[in-house]
Amino acid sequence: DHINSMVTNMFGFTQKISLVLDRVRIPIGILEYAYDSKKALTTSRVKYILNLDDDRFEYLIDHPKELDDMITSLPKIKIDNYDMVYQVNDNRFIRIESFYYDYSKLTVLIDITADVLAKKRLEKERDLDALTNIYNRKGFYHQLERIQKINVGLGAICLIDTDNLKLVNDNYGHDVGDVYLKQI
């Protein structure tokens, strides 16, 4: 009875933490598994953050080592201003903090998707010309640096001169000049 009471209290505590995180709208999931345990304890957001369906989530809860392996095998990507970012899928980015306490491994999953997508949107606005959707000067240099770092070998750069753009703008207006640029 004492062991059943302890297990019930642990699940109750996990539910309370889930409720708190949901109420304050913090995109964090927490999971714990003891090395000798046959089940992981998680907050409700873990399933959402890892983009798991119900069956897969239940299976992984019952196989905590596989859950840990799945998390640690997520692809790492480099994003400025973040130490380490893991990509769950095309539209989900997380940070992972793991540490050991007594005989348990605790893992915190922080969903940073909103921040990453906002940063990518700002980079696109910064680097691409809004009219032509081609790289502006800053974007060009940024891409050139990126290509030099990966050492692609030989390459080529194509420059295009817009003949008489000033004349088109002066005689027919900037709207016509914009159409001219888009057609190049």
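Here the structure is shown first, and the text comes after it.
Below, the structure is looked at part by part. Being a predicted model, the structure only gives us computed values, none of them experimental.

## Examining the overall build of the protein chain
Step number 1: Tallying secondary structure elements over the protein chain gives 8 helices and 6 strands in all.
Step number 2: If you list the helices and strands of the protein chain from N to C, you get α-β-β-α-α-α-β-β-β-β-α-α-α-α.
Step number 3: By the burial criterion, 29% of the 184 residues in the protein chain qualify as buried.
Step number 4: Expressed as a percentage of contacts within the protein chain between residues at least 6 apart in sequence, the contacts between residues at least 24 apart total 39%.
Step number 5: When the accessible surface of the protein chain is totalled, it reaches about 13600 Å², and 54% of it is carbon and sulfur.

## A closer look at the pattern of salt bridges
Step number 1: With the rule as written, the count across this model stands at 9 salt bridges.
Step number 2: Put simply, Lys65 and Asp69 hold a salt bridge, and the shortest N to O gap is 2.8 Å. Here Asp69 and Lys65 lie together in helix α4 (residues 64-72), a separation of 4 residues that amounts to about one turn.
Step number 3: With a relative accessible area of 35%, Asp69 lands in the partly exposed category.
Step number 4: Two residues, Arg92 and Asp111, come together in a salt bridge whose shortest N-O distance is 3.4 Å. Placement of the pair is Arg92 in strand β5 (residues 92-101) and Asp111 in strand β6 (residues 104-111), with a sequence separation of 19 residues.

## Some remarks on the sheet that holds β6
Step number 1: Across the sheet, 6 strands lie side by side as β2-β1-β6-β5-β4-β3; this open sheet has antiparallel pairing. Either end of the sheet is taken by a strand with one partner, and the two such strands are β2 (41-42) and β3 (76-77).
Step number 2: In this structure, β3 lies alongside strand β4 (residues 85-89), joined through 2 bridges in antiparallel fashion. Paired with Lys76 across the bridge in β4 is Tyr86.
Step number 3: Running at roughly 140 degrees to β5, helix α5 (residues 113-127) makes contact with β5 and β6 of the sheet.

## Digging into the nonpolar core
In globular proteins that are soluble, nonpolar side chains generally tend to be buried together.
Step number 1: Counting 19 residues, the largest nonpolar core has Leu50, Leu67, Ile71, Leu74, Ile94, Ile96 and Leu109 as the members making the most contacts within it.
Step number 2: Counting residues per element, the ones that place at least two in this core are β1 (28-34), α2 (45-49), α3 (54-62), α4, β4 and β5.
Step number 3: Apart from residues lying up to four places away in sequence, Leu50 is in contact with Leu67, Met70, Ile71, Leu74, Val88, Arg92, Ile94 and Leu109.
Step number 4: Membership of the second largest hydrophobic core comes to 9 residues, among which are Ile28, Tyr82, Phe93 and Ile110.

Reading the values: rules and limits
Residues numbered from 1 in each chain as written. Predicted model: local features only at pLDDT ≥ 70, side-chain atom pairs only at ≥ 80, totals over all residues. Heavy atoms only, no water. Helix = DSSP H or I, 4+ residues; strand = E, 2+ residues; numbered from the N terminus. Buried < 20%, exposed > 50% of the residue type's maximum accessible area, 1.4 Å probe, protein only. Contact = heavy atoms within 4.5 Å. Areas by Shrake-Rupley, 256 points an atom, 1.4 Å probe, with all protein chains shown as cover. Salt bridge = Lys/Arg side-chain N within 4 Å of Asp/Glu carboxyl O. Pairing = 2+ DSSP bridges. Axes fitted to C-alpha atoms, helices over the stretch in contact; angles between N-to-C directions. Core = buried A, V, L, I, M, F, W, Y, C linked by side-chain atoms within 4.5 Å.

Bear in mind that shape data such as this cannot, by itself, settle questions of function.
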